[in-house]
Amino acid sequence: MSMMEIRSLTKRYGSKTALDDVSLKIAKGSIYGLLGRNGAGKTTLVSLISNRDFPTSGEVLLDGANVKENDRALKNICCMGAEQLLPGYMRVKDVISSMRYFYKNTDAEYANALCEKFGLDPKKRLSRLSTGYRTIAKVIFAMSSGADYIILDEPTLGLDANHRELLYKLIIERFNETEAAFVISTHLIDECAGLFERVFVLREGRLIADEDSDALRRSAYLVEGKTAEVDSFIAGKKVLTRSEVGSFCSACVSGGDVPSPDALPDGLEVSQPTLQQLLIAMTEEG
Amino acid sequence: MGVNYPGFNDTEPLFIQIARWLENKIVTGQLKADEQIPSTTELSAALKINPATVRKGVNILVEKGLVYKKRGMGMYVAANAEDSARDDRRERFRDDYVRPMLEEAARLGISRDEVAEMVKGER
């Protein structure tokens, strides 16, 4: 199975390190979540993968070959977002019909079918699209590129709930048909959690998690109760976040098995965080 | 969650929820012996869940012997699945329902006898 390997990727803009020694693997036949706060390095990573920008150090390999100025490799990687570079006077249908010059496996028929499903008028000029439809157009271009690696950067931006549900269904259907690798960056974590087999978490340019999405969620638990009791329970444990309300306190504890209710002091309750709750705890500042 | 099916939540592992969802259909006789269950492809698209997760959920039912695979055809409900799923749930009934109920009763100061009365009076 085809594989993309990212090795020690670092990107500095002046004195700012946007991406700091990130290594990860993306295999065809899997859907990944790329998660992290604004400014964590997600978009930088995406633009390095697609060769839109060059790393300060490190490399991106596709089946062992560096993607840098490698046309064959780049035809197999399609990152949504590049279409911002397209002139606004272009019509959606013109983009679709010219895509095959860049992505030879472009499926124009599928692109047109998607336009119809989303109610996007292919005769519209890109500059005349609303925020939601601009996102939809970019998603459609990426999904119909025929690339083996499809990277969707914020594919839900401006989409209403109906269009988001439709998008999730279409992603799964396309994945089932093509087995293309999907990497999806989003802030709607709980809504998308079910799509991901594995998640990457970036924080301040560093990769802080690269794990099976269920395993990651089960790597932490929430404990809640009277402040004094919670504090004595969490003493010596790795606490990601802790917040108080009145005389009560809730903490997110990382690592170790989730204690069974019988093993807990009276008055304390444990629960499993949602992926979003855990992400908030992992990427909280300070 | 992209799941807009009743009974799914954001905290339990999804593959377990999928297994339970299918098992419910078997216990209630909505999926009958030798009936084909929806394919992984269908289930994943309908539930908007990663097919690998769906497969993991269906495999729980395979391991329990509730569904079987016909090569090249898909997954089918086993002959004794309804009875065996029901027996399994009967065994867990005390742990899953009776014990939590008694714990809550104890918290509220409701005696065992009062609980028993309520159970008898319930239609």
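Basis of the calculations
- Residues numbered from 1 in each chain as written.
- Chains lettered and ligands numbered in written order.
- Predicted model: local features only at pLDDT ≥ 70, side-chain atom pairs only at ≥ 80, totals over all residues.
- Heavy atoms only, no water.
- Helix = DSSP H or I, 4+ residues; strand = E, 2+ residues; numbered from the N terminus.
- Buried < 20%, exposed > 50% of the residue type's maximum accessible area, 1.4 Å probe, protein only.
- Contact = heavy atoms within 4.5 Å.
- Lys, Arg positive; Asp, Glu negative; His and termini not counted.
- Charge placed at Lys NZ, Arg CZ, Asp CG, Glu CD.
- Pairing = 2+ DSSP bridges.
- Axes fitted to C-alpha atoms, helices over the stretch in contact; angles between N-to-C directions.
- Core = buried A, V, L, I, M, F, W, Y, C linked by side-chain atoms within 4.5 Å.
- Domains from an automatic or database assignment.
- Salt bridge = Lys/Arg side-chain N within 4 Å of Asp/Glu carboxyl O.
- Polar contact = N/O pair within 3.5 Å; in protein donor to acceptor, adjacent residues only side chain to side chain.
- Phe/Tyr/Trp six-rings, centres within 6.5 Å; stacked < 30°, edge-to-face > 60°.
- Lys NZ or Arg CZ within 6 Å of the ring centre and 35° of its normal.
- Parallel < 35°, antiparallel > 145°, perpendicular 65-115°, else oblique.
- Left-handed = near helix turned anticlockwise from the far one by under 90°.
- Buried area = accessible area lost by both parts, 1.4 Å probe.
- Nonpolar A, V, L, I, M, F, W, Y, C, P; charged D, E, K, R; others polar.

Caption draft 1: Representation of the overall build of chain A within the structure. Helices and strands together make up the secondary structure of chain A, namely ten helices and 14 strands. In terms of principal-axis extent, the alpha carbons of chain A reach across some 65 × 40 × 35 Å. Burial analysis of chain A (286 residues in total) assigns 50% to the buried set. The contacts in chain A between residues at least 6 apart in sequence include a share of 68% that link residues at least 24 apart. For chain A, the distance from the average site of its 35 positive side-chain charges to the average site of its 40 negative ones is 8 Å.

Caption draft 2: Expanded view of the sheet that holds strand β14 (residues 269–271) of chain A. Residue and element names in this part refer to chain A. Strands sit in the order β12-β13-β11-β14 across an open sheet of four strands; the sheet is antiparallel. Taken across any chain shown, the strands that pair with only one partner, and hence form the sheet edges, are β12 (238–245) and β14. For this sheet, the mean angle separating the axes of adjacent strands, direction not counted, is 20 degrees. Helix-sheet contacts for helix α9 (residues 227–234) involve β11 (220–226), β12 and β13 (248–254), and the interaxial angle to β11 is about 145 degrees. Together, β11, β12 and β13 form the strand contacts of helix α10 (residues 275–283), whose direction differs from that of β12 by roughly 105 degrees.

Caption draft 3: How the structure looks around the nonpolar core. Residue and element names in this part refer to chain A. Met143 and Phe182 are the most contacted members of the largest nonpolar core, which totals 57 residues. Counting only domains with at least three residues in this core, you end up with domain 1 (3–215) and domain 2 (218–283). Those residues in contact with Met143 that sit more than four places away from it in its chain are Tyr110, Leu114, Ile150, Leu167, Leu170, Ile171, Arg174 and Phe182. Formed by 28 residues, the second largest nonpolar core is a distinct cluster that contains Met4, Ile26, Leu74 and Ile77.

Caption draft 4: Fine view of the pattern of salt bridges. Applying the stated criterion across every chain, the model contains 27 salt bridges over all chains. Across the pair Arg164(A) and Glu191(A) runs a salt bridge, and its minimum N-O distance is 2.6 Å. Residue Arg164(A) is found in helix α6 (residues 161–178), and its partner Glu191(A) is found in helix α7 (residues 189–192); the two are separated by 27 residues along the sequence. Judged by relative accessible area, Arg164(A) falls into the buried class, the value being 17%. Connected through shared salt-bridge partners, Glu23(B), Lys64(B), Asp88(B), Arg89(B), Arg92(B) and Asp96(B) make up one network.

Caption draft 5: Spatial organisation of the side chain of Thr186(A). Residues and elements named next belong to chain A. Locating Thr186 in the fold gives a position in the loop between β8 (181–185) and α7. You can call Thr186 buried: its relative accessible area is 1%. For Thr186, the side chain forms a polar contact with the main-chain nitrogen of Leu188, separated by 2.9 Å.

Caption draft 6: Examining the packing of aromatic side chains more closely. This model, assessed by the stated rule, comprises four aromatic pairs over all chains. Over the ring of Tyr76(B) we find Lys70(B); its NZ or CZ atom is 4.1 Å from the centre of that ring.

Caption draft 7: Structural view of the packing of α6(A) against helix α2 (residues 40–47) of chain B. With their axes 7 Å apart at the nearest point, α6(A) and α2(B) run at an angle of 160 degrees to one another. The angle between α6(A) and α2(B) falls in the class roughly antiparallel. Between α6(A) and α2(B) lies a crossing whose hand is right-handed. Within the contact between the two elements, α6(A) uses Lys169(A), Ile172(A), Glu173(A) and Asn176(A) and α2(B) uses Thr41(B), Ser44(B) and Ala45(B).

Caption draft 8: Region of interest: the interface of chain B and chain A. With 17 residues of chain B at the interface, the matching set in chain A holds 21 residues. Buried area between chain B and chain A, both sides added, is near 1,500 Å², and the carbon and sulfur share of it is 54%. Our count for the chain B to chain A interface comes out at one salt bridge. Here Lys48(B) ties to Glu165(A) by a salt bridge, and the two come within 3.1 Å at their closest N and O atoms. Linking chain B with chain A are eight residue pairs in polar contact (both at pLDDT 80 or more), by the criterion used here. If you list the elements that add at least two residues to the side of chain B that touches chain A, you get α1 (14–27), α2 and α3 (51–63) of chain B. Residue classes in the side of chain B that touches chain A are distributed as eight nonpolar, six polar and three charged.

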